[in-house]
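Coordinates in review
Next come the chains, spelled out residue by residue.
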Amino acid sequence: MKSKICDLLGIEFPLIAFTHCRDVVVEVSKAGGMGVLGAAGYGPETLEIELNWIDEHIDGMPYGVDLIAPTSMATSDDTTASDTLNMVPDEHRDYAVNILAQHNIDTKDVYRGQQGGGGGFLTKNRAGNIIDVAFSHPIKLIANALGVPPRYMLDMGKENGVICAALVGAKEHAIKQVEAGVEILVVAGTEAGGHCGEVSTMVLVPEVCEAVKDFDVAVLAAGGIVTGRQMAACMAMGADGAWTGSVWLTTAEAETSPVIKEKYIQASSRQTVRSKARTGKYSRQLRSPWTDAWESEEAPEPLPMPLQSLVSEAPLHRVTKLAEGGHQGARQLATSFVGQGVGLMNSIQSTRTVVYEFMEDYLSASERLKGTLDE
């Protein structure tokens, strides 16, 4: 297929799959797209294990790694774990615990043993260690999910022939990225799951494509894209391919909790919410009584990243575990990151089936477009 993305990454079809599941990475790459492992939350040792497994199973096909190294955070490398935990007000933890109690969940020791890390978000020195591990493997792409990638990442990319990508949610951010040396822009509309901006994919993609037309940069459209026809629409607007995330959460290989998978399959596109209450930055997730509680007037204001994650992740981990055991209150509260495309995710399929359906749907959409032209 003719695409700048295919040429840059050495793949057959310009479909990129962001996923936290190594099995999905392998299956997408083997099917002709490219899997990208979401490494947020991994330490160097864990990432080494995951990438070794991918190397052993991917048969030499291209794959990538995605990190979160934001340009601004409430903590720094000098902040100890104890310091970080002490920065979280009791008001926020008490509010979270109260939500659980209202749904008949035992709140004893919810935060016991909690580590004061960055919740998967890397400060400067921590990022360097993870980046070194990533570049010690035959990755073809490395992406930063928040802000301009660290200069170290960009320099290492040049030295190792690895393409550097970055996610953006606004035109001005896109320009900063290409000026810094980013080679692929992942242009993510507000429909996206996880961290997202406020402009729709339909508006943002052509806006960014126009703004960077004089730069030597490729564009991947993202945000609510779960079908080949949506991918074709974005490429008609100027994108070189698609970056997808949510659609892989309901695949057979995905490590998503069965309770969350079931909720995704039953959800409509209106059952997501964009909120700071999960991480401290706006992110889209499945709506539930948990998210509703944090949107109420009684809720405390979300803390800056990464402190808000120290409020939300421990309770939600307990919620998911109890929900898997059949606890009804926990099943109601259960939530996770997902985009508005969830309304089109109606069944559990193998990862390869999803890739092949993308291809077929893309071809059908392209034929429909050709059919609108005069002979």
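Residues numbered from 1 in each chain as written. Predicted model: local features only at pLDDT ≥ 70, side-chain atom pairs only at ≥ 80, totals over all residues. Heavy atoms only, no water.

Taken N-terminus to C-terminus, the directions of helix α10 (residues 228-236) and helix α15 (residues 351-371) make an angle of 50°; their axes are 7 Å apart at the nearest point. Judged on the interaxial angle alone, α15 and α10 are oblique. For α10 against α15, the interelement crossing comes out right-handed. For the pair α10 and α15, the contacting residues are G228, R229, M231, A232 and M235 in the first and F358, D361, Y362, A365 and R368 in the second. Here the residues of the contact of α10 with α15 sort into six nonpolar, one polar and three charged. (Axes fitted to C-alpha atoms, helices over the stretch in contact; angles between N-to-C directions. Helix = DSSP H or I, 4+ residues; strand = E, 2+ residues; numbered from the N terminus. Parallel < 35°, antiparallel > 145°, perpendicular 65-115°, else oblique. Left-handed = near helix turned anticlockwise from the far one by under 90°. Contact = heavy atoms within 4.5 Å. Nonpolar A, V, L, I, M, F, W, Y, C, P; charged D, E, K, R; others polar.)

With that out of the way, let us pick up the sheet that holds strand β8 (residues 218-222). Note: strands within a sheet are paired through backbone hydrogen bonds, in either parallel or antiparallel orientation. Strand order in the closed barrel formed by eight strands is β1-β2-β3-β4-β5-β6-β8-β9, and the pairing between neighbours is parallel. Averaged over all neighbouring strand pairs, the angle between strand axes comes to 25°, with direction disregarded. By the bridge criterion, two bridges tie β8 to strand β9 (residues 241-244) in an arrangement that is parallel. Bridge pairing links A221 to A242 in β9. (Pairing = 2+ DSSP bridges.)

Regular strands show a simple pattern: their side chains alternate between the two faces of the sheet. Of the two faces of strand β4 (residues 141-144), the one carrying L141 and A143 and the one carrying I142 and N144 are both buried. Looking at chain direction, strand β3 (residues 63-67) and β4 are connected through four bridges and run parallel. Pairing of G64 across the sheet is with L141, part of β4. Both β4 and strand β5 (residues 163-168) contribute to a ladder of four bridges, which runs parallel. When the sheet's bridge partners are listed, L141 is paired in β5 with I163. Tracing the backbone out of β4, into helix α7 (residues 151-160) and back to the parallel element β5 gives a crossover that is right-handed. (Buried < 20%, exposed > 50% of the residue type's maximum accessible area, 1.4 Å probe, protein only. Right-handed = clockwise from strand over helix to strand, strands pointing away.)

Right, let's get into the side chain of Q177. With respect to the helices, strands and loops of the structure, Q177 is situated in helix α8 (residues 171-180). Not counting residues within four places of it along the chain, the set of residues in contact with Q177 comprises G147, V148, P149, A166, L167, V168, V182 and L185.

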